[in-house]
Amino acid sequence: MTPANDAERQAAVQALESSFSELMTVFRRFVADAAERVSPGMLPATFKALSVVSRFGPMTLSALAERLAADKGFLSRAISELEEMGLVARTPDPNDRRSRLITVTDLGHERLSEARAPHQGRLYEALADWSVDEIGHLSTMLHALAVGEIPDRR
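What follows deals with the overall build of the protein chain. Scanning the protein chain from N- to C-terminus turns up seven helices and two strands. Beginning at the N terminus, the succession of helices and strands in the protein chain can be written as α-α-α-α-β-β-α-α-α. The C-alpha radius of gyration computed for the protein chain amounts to 19 Å, which surpasses the reference 15 Å derived for 154 residues by more than 25%, pointing to a less compact arrangement than a globule. Taken along the three principal axes of its C-alpha coordinates, the protein chain extends 60 × 35 × 30 Å. Here the protein chain holds 154 residues, and 23% of them are scored as buried. Pairs at least 24 apart in sequence give 42% of the contacts found in the protein chain among residues at least 6 apart.

Right, here's the structure in full:
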């Protein structure tokens, strides 16, 4: 790689980093707003825990902590809070009697749906002028970046 190419690559990576920062700010606002809609004063991290269990199905606290890369102590308190609100339930894990599975209740699914409603379709609208191929390419590239693979260059 020539020095000019290296400088161009550095500038491109910095621009990408800036774009990710903007995207994360928008996402943090969405999560904070959605958490507030589920229950006034709910922490965004508690909302994320509820969302992850909703998306991926019943899971143990350890699996949730691993998926969120979060502290089990914090998550235990968050799950207890969600359980007190009737948004999740804990049941014995049939595969490990020492563990309990966290499941989102019907009320939890309902509250999540209501909380997401104002933002539902926002991404769809933002990509309205993009071709299906462009959206697919972005998805492929982001996945490759997320898992540390070389993107498919077809």
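Additional details are given in the paragraphs that follow.
The final tally for this structure, using the stated rule, is three salt bridges. The partner of R98 in a salt bridge is D96, with the nearest N and O atoms 3.1 Å apart. The exposure class of R98 is exposed, given its relative accessible area of 75%. Among the residues examined, D96 registers a relative accessible area of 21% and is labelled partly exposed.

We now examine the environment of E8. Relative to the helices and strands, E8 resides in helix 1 (residues 3-38). Judged by relative accessible area, which is 52%, E8 ranks as exposed.

Next up on the list: unusual backbone geometry. The phi dihedral of A69 falls on the positive side, at around 50°, and the residue is not glycine. Of note, A69 is situated in the loop between helix 3 (61-68) and helix 4 (72-84).

Below, the discussion takes up helix 4. Over its 13 residues, helix 4 runs 18 Å from end to end, which matches the ideal 18 Å to within 8%, given 1.5 Å per residue. Restricting attention to buried positions, one finds in helix 4 the residues L75, A78, I79 and L82. For helix 4, the buried positions fall inside an angular range of 100° around the axis, keeping them on one side. Looking at helix 4, the residues exposed on the side facing more than 90 degrees away from the buried face are R77 and E84. Contact partners of the buried residues in helix 4: helix 2 (44-56), helix 3, strand 1 (88-93) and strand 2 (96-104). With a side-chain oxygen positioned 3.1 Å from the backbone nitrogen of G73, the residue opening helix 4 is D71.

Attention shifts here to a positive patch on the surface. Together, R28, R29, K48 and R122 make up a region of like positive charge exposed at the surface. For K48, the position within the fold is in helix 2. Take K48: its relative accessible area is 38%, and that puts it in the partly exposed class.

Calculation rules
Residues numbered from 1 in each chain as written. Predicted model: local features only at pLDDT ≥ 70, side-chain atom pairs only at ≥ 80, totals over all residues. Heavy atoms only, no water. Helix = DSSP H or I, 4+ residues; strand = E, 2+ residues; numbered from the N terminus. Rg over C-alpha atoms; globule rule 2.2 N^0.38 Å. Buried < 20%, exposed > 50% of the residue type's maximum accessible area, 1.4 Å probe, protein only. Contact = heavy atoms within 4.5 Å. Salt bridge = Lys/Arg side-chain N within 4 Å of Asp/Glu carboxyl O. Expected span 1.5 Å × (residues − 1). Arc of directions from axis to C-beta. Polar contact = N/O pair within 3.5 Å; in protein donor to acceptor, adjacent residues only side chain to side chain. Patch = residues over 30% accessible without salt bridge, like charges linked within 9 Å, V, L, I, M, F, W, Y side chains within 5 Å. Areas by Shrake-Rupley, 256 points an atom, 1.4 Å probe, with all protein chains shown as cover. Lys, Arg positive; Asp, Glu negative; His and termini not counted. Charge placed at Lys NZ, Arg CZ, Asp CG, Glu CD.

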